[in-house]
There are 4 protein chains.
Amino acid sequence: MSDTTRRTILGAAAGLAGAHLITPASSAESQPPALLGRVENGKVSLPPLHAPSEGGEMLANPDPVAKRLGIAVVGIGHLTLEQIMPGFAEAKHVRPVALVSGERDKAHAIAAQYGVPEKNLYDYKNFVAIRDNPEIEAVYIVLPNALHAEFTVRAAKAGKHVLCEKPMATSVAEAEQMIAACRQAQRTLMIAYRLQYNTAHRTLIDVARKKTYGELRLIEAVNAQNDAAPGQWRQIKALAGGGSLPDVGLYCLNAFRYITGEEPIEVTGRITQPKGDPRFREVEDISHFTLLFPSGVFAAGTAGYSMHENRRLRADATDGWFGLDPAFGYDNVAMEIGHRASPANAREQSTFTPRNQFAVEMDHFAECVRTGREPHTPGEEGLQDQRIMAAIYEAAAGGGVVKMAPSDRLDATRGPAPDAQNG
Amino acid sequence: MSDTTRRTILGAAAGLAGAHLITPASSAESQPPALLGRVENGKVSLPPLHAPSEGGEMLANPDPVAKRLGIAVVGIGHLTLEQIMPGFAEAKHVRPVALVSGERDKAHAIAAQYGVPEKNLYDYKNFVAIRDNPEIEAVYIVLPNALHAEFTVRAAKAGKHVLCEKPMATSVAEAEQMIAACRQAQRTLMIAYRLQYNTAHRTLIDVARKKTYGELRLIEAVNAQNDAAPGQWRQIKALAGGGSLPDVGLYCLNAFRYITGEEPIEVTGRITQPKGDPRFREVEDISHFTLLFPSGVFAAGTAGYSMHENRRLRADATDGWFGLDPAFGYDNVAMEIGHRASPANAREQSTFTPRNQFAVEMDHFAECVRTGREPHTPGEEGLQDQRIMAAIYEAAAGGGVVKMAPSDRLDATRGPAPDAQNG
Amino acid sequence: MSDTTRRTILGAAAGLAGAHLITPASSAESQPPALLGRVENGKVSLPPLHAPSEGGEMLANPDPVAKRLGIAVVGIGHLTLEQIMPGFAEAKHVRPVALVSGERDKAHAIAAQYGVPEKNLYDYKNFVAIRDNPEIEAVYIVLPNALHAEFTVRAAKAGKHVLCEKPMATSVAEAEQMIAACRQAQRTLMIAYRLQYNTAHRTLIDVARKKTYGELRLIEAVNAQNDAAPGQWRQIKALAGGGSLPDVGLYCLNAFRYITGEEPIEVTGRITQPKGDPRFREVEDISHFTLLFPSGVFAAGTAGYSMHENRRLRADATDGWFGLDPAFGYDNVAMEIGHRASPANAREQSTFTPRNQFAVEMDHFAECVRTGREPHTPGEEGLQDQRIMAAIYEAAAGGGVVKMAPSDRLDATRGPAPDAQNG
Amino acid sequence: MSDTTRRTILGAAAGLAGAHLITPASSAESQPPALLGRVENGKVSLPPLHAPSEGGEMLANPDPVAKRLGIAVVGIGHLTLEQIMPGFAEAKHVRPVALVSGERDKAHAIAAQYGVPEKNLYDYKNFVAIRDNPEIEAVYIVLPNALHAEFTVRAAKAGKHVLCEKPMATSVAEAEQMIAACRQAQRTLMIAYRLQYNTAHRTLIDVARKKTYGELRLIEAVNAQNDAAPGQWRQIKALAGGGSLPDVGLYCLNAFRYITGEEPIEVTGRITQPKGDPRFREVEDISHFTLLFPSGVFAAGTAGYSMHENRRLRADATDGWFGLDPAFGYDNVAMEIGHRASPANAREQSTFTPRNQFAVEMDHFAECVRTGREPHTPGEEGLQDQRIMAAIYEAAAGGGVVKMAPSDRLDATRGPAPDAQNG
């Protein structure tokens, strides 16, 4: 670029009345015009690029790396490698500082990939030593379900906060034990119900609670997938606690509860366990259940392990329906609304800016740990799901209706709602 | 968990014939069953969770942090803060090692957020000093268009590889100068045509080139947005080189070229510059152009700066149409196909796993730098777009048809196609 | 048009080698070029306008009016006025020749609107006189459910063929009585399961039966609507026989049976009857049921009377899912398919040329009457649904699983499939 | 049904306070409860079945057959047989009373199918004789474009009202001649712009005119199809007047005008005529044009004859976009809206109750004839399109911008808007 051209550029920028461009002093080489970026408490903001009709823009502004909550990830399976480790890179308030695994080579490889120091690799034998590592402020338990209780208790005893994958446990007793241990140790316990922190689900909850389309009457959901040939711990009852119900059906169940905010008073259940399919020697394939809520809302959920991915939810209110399809996957969750807009039937699909669901969930956890606030999905939230799953299995065994106690208020098992901007 | 329960778990795992679970030796506390994860050359693989119908799973397996290509980001505006810095966190082969900015406070804040060492902060005056910093292997130029040429030339002279944002420059001459400088310095020059590395766009290219729906006949695309009130450098001709055409219309133009692989032989153009709207004192609002390709394919593109976001493309072939909607945004790009499937009209929408487009693009750049391979979108790709944009403006000024030379082969301005797994 | 121009036109047409235009002899005034239309047995065909990629075109070619099956419509409520009378205008093989109604003024008005002669108006008292009217070859019974049996029996005794709306009756006994009466009178009895004749539903059945996406595992459907304030016969148990189940839930039930071709072996049921809502003094609001089929397919259906229209169905197979949304309405029924098409998740929506569903259904009925063929949905099809609805209500009352006998073959209660071209 | 049951039924109905059921007096046989249907001026209304949320229900209530406008259909090709004759069956105010065709056998067959008396069959030689047939009140001209003018003039001279297919003519002069002839004969002339009477298009016009999403800025539309091998009159310039532009491109052009209500001041055009394809010996394949309107709205339309059906339109306003896809076909026209609904991008699709477009259009014509009202799309509407098409061809030939005169008011060439309930 010639000097003349450069001067033209700078002149152009300088001449722009009311512009948010600042022209730097002339120099031998060009200096780009500065944006009027503002920096406050380490957060940067910029003047908007787009008109107000286009929706607000938001810079990421993650916490400085050194200030983020240090987490030890316990278990390095599919979920950890496909979602959680990449999720740290999108998170603002957490960082992975340690790994716990029984497979040494794998742990080393992953540590290198994500910058976890070698000294912070643990196995299940020396797990107790995390107690002495101040970098580790919390653990994220991503183990087979049957081990959630034991490792939560051990972590709490080691003085660490606990984020535990769902299902919380394989029994009501285990869940109660976990809550007690964290309470005793005065550590935060949060169950990783990732979708309660997802913008699409939170928007759906808003639509339901604000009665935008009238009174809620019915909710139906399916969460189904096609599992690989046998061999996974999810197919071993002693490790998983059940089949499709606690693994994927739980998402339907939990959604019915957070959409209504109520607890069911009547539960039914049905399961199938196809003979001859080695995946279902120990656990159910299809699980189906219905819940009746005190307000009269009826909900029906179905999960399965033997069919192509189908994850959807729809809530029917008096004046319209709203739902999610796909509803329960790791990405592309979209909201759908159907209503009458005479002379047409209108159907609206809402798509959201992609965000790693585990990043959002972990950031909420970090904020709770830092501020002492109760998580939106504390142990009690997981415990109630354990109770209902036990009732579903009981109903499925006996064929009848199992009665349950209603809660005395909405969202009785939940802490304050997550910040909107987190989604 | 009691010892009895634990033994049951381990027994269950052990008893599973053909399972990919390995039972660890018994111990005082539980040890989760190990997955048969494999580690090869630092890459981890796991047995699949899902049936083959569900699509292959792929672990991220990023390069160890220390081995990634070190990049200095030049310019810290919206694009850098909203897309590129977060993109590094999703990339496998690159890492941000330095920032170049005229705004010191902002640079410090961002450096802390993303772990860039303070010593690696540069401003435009001391930019030349990057020459002496071996951590900086390449620069990513994210400056106003009119400065692309100057900083590319300076970076090449400093011995650094260059990834430069689009549009490559504000004139054909600048583009030629950039190519020459990088060639002379024997440095890689890649233009950041992010969508040529996006899975949805690559899938669309495949559908077109394989003639899945017959011969291509027509392509039409729109890329429009609603800009904020005046003050942005994009509205200053000397900085931007033009209005909607080089900024967003370029995506339509570039797509027409990479879908066909051809170069246009006839070009027309139309622009509007609404009087009284201060955003359009210097640059056009709407730009519209048509291209005629040697094969007979006709393409029409439209861009605008004064309307709600609308970014779409549709290609019409003899037996079906295929397109993208949204086509050109940073996320949720989806492919659409329309064809006849008697007795119905079938319309297919394909959604893709979200990936930061800049992460994918930067990874391709890093692979090219490491292997010496020519980038898929080298300087020549940008140069040809500059030529066509000049023809469009010429046609818009005169109202006629501007003739251009066809290329002698398909994809004449492009290097080898990016690896499929990158998308 | 001048003579010169006309001659040019004719010359142009004549000069077109291989054209399907025939140039008429010259005359004082222009004669349009003739298409090479063919007439065979009163059916007209024309050369195609569009390329083969565009799907075959099909002329309507209805039967000459005088040759169509003469039908007396019994009952002139919403369904008759909104769907069936307009449906005659789109039908090929039937015509409305008589009306039976208790409201004389209304009958006169409708007769005038649709060209039904006044002499062919009957009321319920002189219904028996249809026996003596040879123009009336059949009746279409569109009365409250509880009257289906009586009027079917009376029509059969009067020597008329019977097309009867669904649900067939309000009890198994009534259904059996209807079948017996028509058999004895040697008259055709068809139940008006309109969707079994709908192209979208037939296409879905094809996808399921051909196992395009593997083995079927699960089907779920909802058919819900929001009824007006009390006063409809549908809310009176003695007239309707039940609430949402026999009215709209029946569509889910029937679809589960025709998609699989099987009969259920286990049935469960749940109903709700909200207190204080005058619409539900006598009948249920929500009805929910599950069916287990011998092949292992599990199906769950839900119907409701108190929520915005939601009519959908989805079938889950091992390698993909397919469904209809909307599924059960009078128009815009669309098919959806979801499957994996790496690297994308593909979702296909199929739309169909609109056709009045009652026109298609009545045409099938007419063909059966004319040829003596058994209808695809004879009385036996309705009877089996009555049996299953009785089991659902029994299960809902007792809370358990009701066992049923499987059928010995697929489609055991159905006649030959309707001609494809009927849809 | 036993007497006891029947009494229960009647009792149930009678006991329903506030019900709209009337119980008939008891009799030997059952009498269904009457609906409180009302009859006024031959129109029937019924109490609503569904809650207000579900949208109003509307009975068809066609005019008595004998009172409908008698129309002679001139030309029995694809359009007549596939759309117009079936359309009469859905119309309320018209009936087909005569056919005019040069192919006697075909005319006889069609007459039988649709109940047109043999005596009312005419050919082009004895066309003038329609003058003496009082049953024929109007003609619908469905001939090749080049014959529209001649037959319109002849019909007007025979004292008949004229509904003429689009394009109105093959030149501006012809169009002016048609207007003059009908004016002189004091007969109604309406051009069959079917989509200006379609509910989806009218809803779109409403959204644009009410500025629901702000100021309109851009409209883009495509109307393309894949024509059969050569031989159609549409491919003969002397009969069609042009290729894709007057046939399908006209829909884009007309839509740009009725969405804005304005007339263009600048026009450009491009056409392609692929060598070697016998379909395009005489007429263009692709036609592309741009219009600039006085308000600043820019519009770009594209039509084609050599590609799979693609008929779409999208209008871009400052705060959202709205469009139709498919836009121009005979059925399934759907409206789409895109806007920002933070934190989501919302996209709404509206579907409409299917109605034969020609039925709606003919009903409007009949109302105008009966009331003397000017049609919404009189000859002047067609004339203006002829003027603009001439400018497009002129621009395409010369490559420049053709200037045109703006109109002095909105909708300057249109009569009063059609009644909403017609759609």
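On a predicted model such as this, the values are computed, not experimentally measured, just so you know. Position labels on residues start from 1 in each chain and follow its written sequence. Ligands are numbered from 1 and chains lettered from A, in the order in which they are written. Given that this is a predicted model, residues contribute local features only at a pLDDT of at least 70 and side-chain atom pairs are listed and counted only at 80 or more, while totals for whole chains, interfaces and linings are drawn from all residues. Side-chain metrics rest on all non-hydrogen atoms present in the structure, leaving aside hydrogens and water.

Focus: the overall build of chain A
Strands are runs of DSSP state E lasting at least 2 residues, helices are runs of H or I lasting at least 4, and numbering of each runs from the N terminus. Looking only at helices and strands, chain A features 10 helices and 19 strands. Taking the principal axes of the C-alpha coordinates as reference, chain A spans close to 85 × 65 × 40 Å. Taken across its 423 residues, chain A has 65% of its residues classed as buried. Restricting to contacts in chain A with at least 6 residues of sequence separation, those with at least 24 account for 68%. Exposure was quantified through the Shrake-Rupley algorithm and a 1.4 Å probe, taking into account, for residues, occlusion by the shown protein chains and nothing else. Carbon and sulfur atoms make up 51% of the accessible area of chain A, which amounts to about 14,200 Å² in all. Residue burial is assigned from relative accessible area. The probe radius is 1.4 Å, only protein chains are included, and a residue is buried under 20% of its type maximum, exposed over 50%, and partly exposed in between. We call two residues in contact when some of their heavy atoms are within 4.5 Å.

Brief notes about helix 10 (residues 379-398) of chain B
Residues and elements named next belong to chain B. If you check helix 10, its first and last C-alpha atoms are 29 Å apart, about what 20 residues at 1.5 Å a residue would give, namely 28 Å. Those residues of helix 10 not exposed but buried are G379, E381, G382, L383, Q384, D385, Q386, I388, M389, A391, I392 and A395. Against helix 5 (172-184), strand 10 (189-191), helix 8 (244-260), strand 12 (266-271), strand 13 (287-292) and strand 19 (402-403) lie the buried residues of helix 10. The span you would expect from a helix comes to 1.5 Å times its residue count less one.

What to know about the relation of the copies chain D and chain B
Least squares is the method for superposing the copies, and the C-alpha atoms it fits come from residues with pLDDT of at least 70 in both. Overlaying chain D on chain B yields an RMSD of 0.0 Å, the required transformation being a rotation through 180° with an accompanying axial translation of 0.0 Å. In the structure described here, the two chain copies are related by an operation that fits a two-fold rotation axis. Residue G400(D), judged by its C-alpha, is the member of chain D lying nearest the rotation axis, at 2.6 Å.

Some points on the pairing of strand 6 (residues 94-100) of chain A
Residues and elements named next belong to chain A. Of all seven residues making up strand 6, six are buried, and the element is well covered by its neighbours. Sheet topology note: the strand 5 (residues 69-74)/strand 6 ladder contains six bridges and is parallel. Counted as the bridge partner of V74 is V100 from strand 6. By the criterion used throughout, a crossover qualifies as right-handed when its path from the first strand across the helix to the second strand runs clockwise, the strands pointing away from the viewer. Between strand 5 and its parallel partner strand 6, the chain crosses via helix 2 (residues 78-90), and the hand of that crossover is right-handed. Two strands pair if DSSP finds at least two bridges between them. The sheet contact formed by strand 6 and strand 7 (residues 121-122) spans two bridges and is parallel.

Things to note about the interface of chain A and chain B
Every contact between the two is made by 87 residues of chain A and, on the other side, 87 residues of chain B. Summed over both sides, the interface between chain A and chain B buries roughly 7,200 Å², with carbon and sulfur atoms accounting for 63% of that surface. On the chain A side of the interface with chain B, the three residues burying the most area are L49(A), H78(A) and Q113(A), jointly 10% of the side's total. The salt bridge definition used is simple: a Lys or Arg side-chain nitrogen within 4 Å of an Asp or Glu carboxyl oxygen. Taken together, the connections running from chain A to chain B amount to zero salt bridges. Polar contacts, as used here, are pairs of N or O atoms within 3.5 Å; protein pairs need one atom able to donate a hydrogen and one able to accept it. Residues neighboring in sequence count only if both atoms are side-chain atoms. For the pair chain A and chain B, the interface holds 23 residue pairs in polar contact (both at pLDDT 80 or more). Element by element, the count of residues in the side of chain A that touches chain B is highest for helix 3 (residues 104-114) of chain A, at seven residues. Of the residues that constitute the side of chain A that touches chain B, the class distribution is 46 nonpolar, 21 polar and 20 charged. Note: buried area is the sum, over both parts, of the accessible area (probe 1.4 Å) each one loses when the two are combined. Residue type decides the class: Asp, Glu, Lys and Arg count as charged, Ala, Val, Leu, Ile, Met, Phe, Trp, Tyr, Cys and Pro as nonpolar, and the leftover types, Gly among them, as polar.

Digging into the domain arrangement of chain A
Residues and elements named next belong to chain A. What fixes the domain bounds is an automatic or database domain assignment. Split by domain assignment, chain A resolves into domain 1 (65-192) and domain 2 (198-353 + 378-422). A separation of 26 Å is found between the C-alpha centroids of domain 1 and domain 2. The partner domain 2 presents 18 residues to the 20 residues of domain 1 that form the contact. In this assembly, domain 1 packs against domain 2 so that about 1,600 Å² is buried in total across both faces, 63% of it on carbon and sulfur atoms. For domain 1, the biggest contributors to the area lost against domain 2 are P144, K166 and V172; these three give 27% of the whole. Along the contact surface separating domain 1 from domain 2 lie two salt bridges. Between E380 and R183 there is a salt bridge, with the nearest N and O atoms lying 3.1 Å from each other. The interface formed by domain 1 and domain 2 contains six residue pairs in polar contact (both at pLDDT 80 or more). Looking at the side of domain 1 that touches domain 2, the elements with two or more residues in it are helix 2, helix 5 (172-185) and strand 10 (189-191). Of all the elements, helix 5 adds the most residues to the side of domain 1 that touches domain 2, at five residues.

Comments concerning the interface of chain D and chain B
Contact with chain D, which involves 41 residues of that partner, is made by 40 residues of chain B. Counting the surface lost from both chain D and chain B, the interface buries some 3,200 Å², and carbon and sulfur atoms represent 52% of this. By the criterion of area lost to chain B, the three top residues of chain D are R217(D), R270(D) and H308(D), representing 21% of everything that side buries. Linking chain D to chain B there are 10 salt bridges. Among the salt bridges present, the one from R217(D) reaches D285(B), with a minimum N-O distance of 2.7 Å. Counting every contact that joins chain D to chain B gives 25 residue pairs in polar contact (both at pLDDT 80 or more). Mapped onto the side of chain D that touches chain B, the elements with two or more residues apiece are strand 11 (216-226), strand 12 (266-271), strand 13 (287-292), strand 14 (298-304), strand 15 (306-317), strand 16 (320-324), strand 17 (335-341) and strand 18 (344-352) of chain D.

Overview of the relation of the copies chain A and chain B
Of the two same-sequence chains, chain A is brought onto chain B (RMSD 0.0 Å, axial shift 0.0 Å) by a rotation of 180°. Of the interface residues in chain A, 99% have counterparts in chain B that sit at the interface too, so the contact is made through matching surfaces.

With respect to the environment of P274(D)
Looking at the element boundaries, P274(D) is found in the loop between strand 12 and strand 13. Relative accessible area serves as the criterion here: at 22%, P274(D) is assigned to the partly exposed category. For the pair P274(D) and N226(D), spaced 48 residues apart in sequence, the C-alpha to C-alpha distance is 14 Å. Contact partners of P274(D), with chain neighbours within four places excluded, come to R217(B), F280(D) and D285(D).

Here we look at the pattern of salt bridges
On inspection of all chains with the given rule, the structure shows 112 salt bridges over all chains. Three or more residues joined by partner-sharing salt bridges are found here, namely R209(A), R257(A), E263(A), E381(A), D385(A), D411(A) and R414(A).

Let's talk about helix 4 (residues 148-157) of chain D
All names here are of chain D. Extensive coverage of helix 4 is indicated by the burial of nine of its 10 residues. Buried residues of helix 4: H148, A149, E150, F151, T152, V153, R154, A155 and A156, and no others. Buried-residue contacts for helix 4 involve strand 5 (69-74), strand 8 (138-141), strand 9 (161-164), helix 5 (172-185) and strand 10 (189-191). Immediately beyond the C-terminal end of helix 4, within one or two residues, lies G159, with a positive phi of roughly 80°.

As for the packing of helix 8 (residues 244-260) of chain A against helix 10 (residues 379-398) of chain A
All names here are of chain A. For helices, the fitted line uses only the C-alpha atoms of the stretch in contact; every axis is such a line through C-alpha atoms, and the angle between N-to-C directions lies from 0 to 180 degrees. With their axes 10 Å apart at the nearest point, helix 8 and helix 10 run at an angle of 110° to one another. As summarised for this structure, helix 8 and helix 10 are arranged roughly perpendicular, according to the angle between their axes. Considering how the two elements wind past one another, helix 8 and helix 10 form a crossing that is right-handed. Residues L245, P246, L250, L253, N254 and R257 of helix 8 lie in contact with helix 10, whose contacting residues are E381, Q384, D385, I388, M389, I392 and Y393. Considered class by class, the residues forming the contact of helix 8 with helix 10 number eight nonpolar, two polar and three charged. Angles below 35 degrees are treated as roughly parallel, those above 145 as roughly antiparallel, those between 65 and 115 as roughly perpendicular, and all remaining angles as oblique. Note on convention: the crossing is left-handed when the near helix lies turned anticlockwise from the far helix by less than a right angle, right-handed when the turn is clockwise.

A word on unusual backbone geometry
Cis geometry marks the peptide bond from D325(A) to P326(A), where omega comes out at -5°. By the element assignment, P326(A) lies in the loop between strand 16 (320-324) and strand 17 (335-341). A positive phi angle, close to 55°, is found at Q186(B), a residue other than glycine. For Q186(B), a relative accessible area of 67% gives the class exposed. Of note in this structure, N61(D) is not a glycine but carries a positive phi near 45°.

As for the sheet that holds strand 10 of chain A
What holds strands together in a sheet is hydrogen bonding between their backbones, with the strands either parallel or antiparallel. All names here are of chain A. Across the sheet, six strands lie side by side as 7-6-5-8-9-10; this open sheet has parallel pairing. Edge strands, defined here as strands with exactly one partner in the open sheet, are strand 7 and strand 10. In terms of strand pairing, strand 5 meets strand 8 (residues 138-141) through four bridges, oriented parallel. The residue bridging I71 from the neighbouring strand is A138, located in strand 8. Set on the sheet, helix 9 (residues 357-371) makes contact with strand 5, strand 6, strand 8, strand 9 (161-164) and strand 10; between it and strand 9 the angle comes to about 155°.

Some words on the environment of P144(C)
Relative to the helices and strands, P144(C) resides in the loop between strand 8 (138-141) and helix 4 (148-157). Sequence separation between P144(C) and A169(C) is 25 residues, and the spatial gap between their C-alpha atoms is 9.2 Å. Apart from the residues within four sequence positions on either side, P144(C) is in contact with W233(C), L239(C), P32(D) and P33(D).

Observations concerning the packing of aromatic side chains
How two aromatic rings sit relative to each other is given by the distance of their centres and the angle of their planes. All names here are of chain A. A pair of Phe, Tyr and Trp rings is counted when the ring centres sit within 6.5 Å of each other, with Trp represented by its six-membered ring. The angle between the planes then sorts it: under 30 degrees is stacked, over 60 is edge-to-face, the rest tilted. In the structure shown here, the tally under the stated rule is 24 aromatic pairs over all chains. Their ring planes at 70° and their centres at 5.2 Å tell us that F127 and F151 sit as a pair that is edge-to-face. With F127 in the loop between strand 7 and strand 8 and F151 in helix 4 (residues 148-157), this residue pair connects regions lying 24 residues apart in the sequence. Assigned by exposure class, F127 and F151 land together as buried. An aromatic cluster is built from Y124, F127 and F151, whose rings are joined through pairwise contacts. Positioned above the aromatic ring of F151, the side-chain terminus of R154 is 4.7 Å from the ring centre. Lysine and arginine charges are scored as sitting over a ring when NZ or CZ, respectively, is within 6 Å of the ring centre and within 35 degrees of the ring normal.

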